[in-house]
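Read off the chains here:
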Amino acid sequence: MPAGRPPEVDSNGKAIEKCLVNATIPTKLRDFLRQHNINRSELLRTAALKLMELKICPSCYSHDIKDNLKGHLCNNCNKWLKFKRCELCEAAHTPTSKPTSVDGKVGCDLCPEYLQQVEENKKINVVFGNDL
């Protein structure tokens, strides 16, 4: 049985390959990190992912990110990285929300404007008598 920590795995359960990266930093920064028990590997990974937000998936490290009406989706593991906000009601889209167009803006299926439009489309025009 291998010694050490269990490997980090992706969304499919496959071990994520890792490599050693050397970085030159000021000694005062090194001392600060040691004094505060900050893991340098974790710090570098977190900083890099934040700097490259919406360009790389923090779950599987894929850079195949799709930008669509609802938000940013990783095409490799199908996880949502960030949801956009509805242009009408400012609510964040969700995995189950359905973006819809209302007056040229991207709305959601819970917007009052969208619901009003749906109700107006349901109205039945009733014609009486000789108006046929």
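Preceding block: the structure.
For every chain, the first residue of its written sequence is number 1, and the numbers climb from 1 along that sequence. The model is predicted, so local features are restricted to residues of pLDDT at least 70 and side-chain atom pairs to those at 80 or more, both for listing and for counting; the totals for chains, interfaces and linings are taken over all residues. Think of the side-chain values as coming from all heavy atoms in the structure, minus any hydrogens and water.

Focus on the environment of Lys 70
- Its location among the elements puts Lys 70 in the loop between strand 1 (65–67) and strand 2 (71–74).
- For the pair Lys 70 and Pro 99, spaced 29 residues apart in sequence, the C-alpha to C-alpha distance is 6.4 Å. Counting from the N terminus, the helices are the DSSP runs of H or I reaching at least four residues and the strands are the DSSP runs of E reaching at least two.

A look at helix 2 (residues 40–51)
- Multiplying 1.5 Å by the residue count of a helix minus one yields the expected span of that helix. Between its first and last C-alpha atoms helix 2 spans 16 Å; for twelve residues at 1.5 Å apiece the expected length is 16 Å, and the two agree.
- Contacts described as polar in this section are N or O atom pairs within 3.5 Å, which, within protein, must combine one atom able to donate a hydrogen with one able to accept it, while residues neighboring in sequence count only if both atoms come from side chains. The distance from a side-chain oxygen at the start of helix 2 to the backbone nitrogen of Ser 41 is 2.8 Å, and the residue carrying that oxygen is Asn 39.

Observations regarding a nonpolar patch on the surface
- Like-charged residues within 9 Å of one another, or nonpolar side chains (Val, Leu, Ile, Met, Phe, Trp, Tyr) within 5 Å, are grouped into patches, provided each residue has over 30% relative accessible area and no salt bridge. Each accessible area value is a Shrake-Rupley result obtained with a 1.4 Å probe; residue values ignore everything except the protein chains displayed when judging cover. Each salt bridge in this description consists of a side-chain nitrogen of Lys or Arg and a carboxyl oxygen of Asp or Glu lying within 4 Å of one another. Together, Ile 25, Leu 29, Phe 32, Ile 38 and Leu 43 line one region of the surface with nonpolar side chains, adding up to about 380 Å² of accessible area.
- Here Leu 43 is to be found in helix 2.

Points about the pairing of strand 2
- For two strands to count as paired, DSSP must find a minimum of two bridges between them. Strand direction decides the pairing type here: strand 1 and strand 2, joined by three bridges, are antiparallel. When the bridges of strand 2 are listed, Asp 67 appears paired with His 72.
- Connecting strand 1 to the next strand, strand 2, in antiparallel fashion are three residues.
- As paired strands, strand 2 and strand 3 (residues 80–83) are joined by three bridges and run antiparallel to one another. The residue of strand 3 that forms the bridge with Leu 73 is Trp 80.
- The hairpin formed by strand 2 and strand 3 contains five residues between the paired strands, and Asn 78 there has a positive phi angle of roughly 60 degrees.

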